[in-house]
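The lines below spell out each chain.
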Amino acid sequence: MQCFKFAGLAFFPFGKEVIYGQGGFSFLINLIWIIVFGWEMALINLIWGIILCITIVGIPFGKQFFKLARLSLMPFGASVVG
């Protein structure tokens, strides 16, 4: 299910918002996710966001990569709406 969140946000990033829920179970799963996969995905998206924000034209795309970086850290308990 989490892969579909990433795919939907990556394919149509503009006009979407990520809402993060609270919960003990999702916190534990997110902690495992960060240790195993999340930090790598977040780092890559963060680097691309910084690179794209160098130019004025790339700023909107850089913002979307920052949104993906945050979702990459904590995908469980989050929902993409928009």
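Keep in mind that what you see is a predicted model, and the values were worked out from it rather than measured. Here the residue index of a chain counts from 1 through its sequence in written order. Two thresholds apply to this predicted model, a pLDDT of at least 70 for residue-level local features and 80 or more for giving and counting side-chain atom pairs, whereas whole-chain, interface and lining totals are computed over all residues. Heavy atoms from the whole structure form the basis of all side-chain values; hydrogens and water molecules are not counted.

K.L.:
Which parts of the structure should I look at to understand the overall build of the protein chain?
P.N.:
Put simply, DSSP marks the helices as runs of H or I at least four residues long and the strands as runs of E at least two long, and each gets a number from the N terminus on. Assigned secondary structure in the protein chain consists of three helices and two strands. The N-to-C order of helical and strand elements in the protein chain reads α-β-α-α-β. Our radius of gyration looks at C-alpha atoms and nothing else; its globule reference is 2.2 Å times the residue count to the power 0.38. Scaling as 2.2 N^0.38, a compact globule of 82 residues should have a C-alpha radius of gyration of about 12 Å, and the protein chain matches this with 13 Å. Over its C-alpha atoms, taken along the principal directions, the protein chain stretches across nearly 40 × 25 × 20 Å. Contacts are residue-level and defined by heavy atoms, with any inter-residue pair within 4.5 Å sufficient. Counting contacts in the protein chain only where the partners sit at least 6 residues apart, residues at least 24 apart contribute 74% of the total. Calculation of accessible area relied on Shrake-Rupley with a 1.4 Å probe; when residues are assessed, cover is drawn exclusively from the protein chains displayed. Just so you have it, the protein chain exposes about 5600 Å², and 79% of that area is on carbon and sulfur atoms.

K.L.:
Explain the side chain of Asn45 here, please?
P.N.:
Along the chain, the position of Asn45 falls in helix 2 (residues 24-52). When sequence neighbours within four positions are dropped, the list of residues in contact with Asn45 reads Phe65, Leu68, Ala69 and Ser72.

K.L.:
Would you take a moment to explain the layout of surface pockets for this structure?
P.N.:
Space left empty within the atom packing is revealed by a probe, the size of a water molecule, rolled over the atoms. Whether a set of points on the 1 Å grid over the protein atoms alone is a cavity depends on a 1.4 Å probe fitting there but being unable to get out, while an open set qualifies as a pocket with protein on both sides within 12 Å along at least five of seven lines; lining residues are those with an atom within 4 Å of a point. Grid points are joined across faces, edges and corners, and a volume is the space filled by probe spheres set on the points. In this structure, the largest pocket occupies an estimated 210 Å³ of space. Taken together, 14 residues make up the lining of the largest pocket; nearest its centre are Gly21, Gln22, Phe27, Asn30 and Met74. Amino acids are sorted into nonpolar (Ala, Val, Leu, Ile, Met, Phe, Trp, Tyr, Cys and Pro), charged (Asp, Glu, Lys and Arg) and polar (every other residue, Gly among them). Residue composition of the lining of the largest pocket, by class: seven nonpolar, six polar and one charged.

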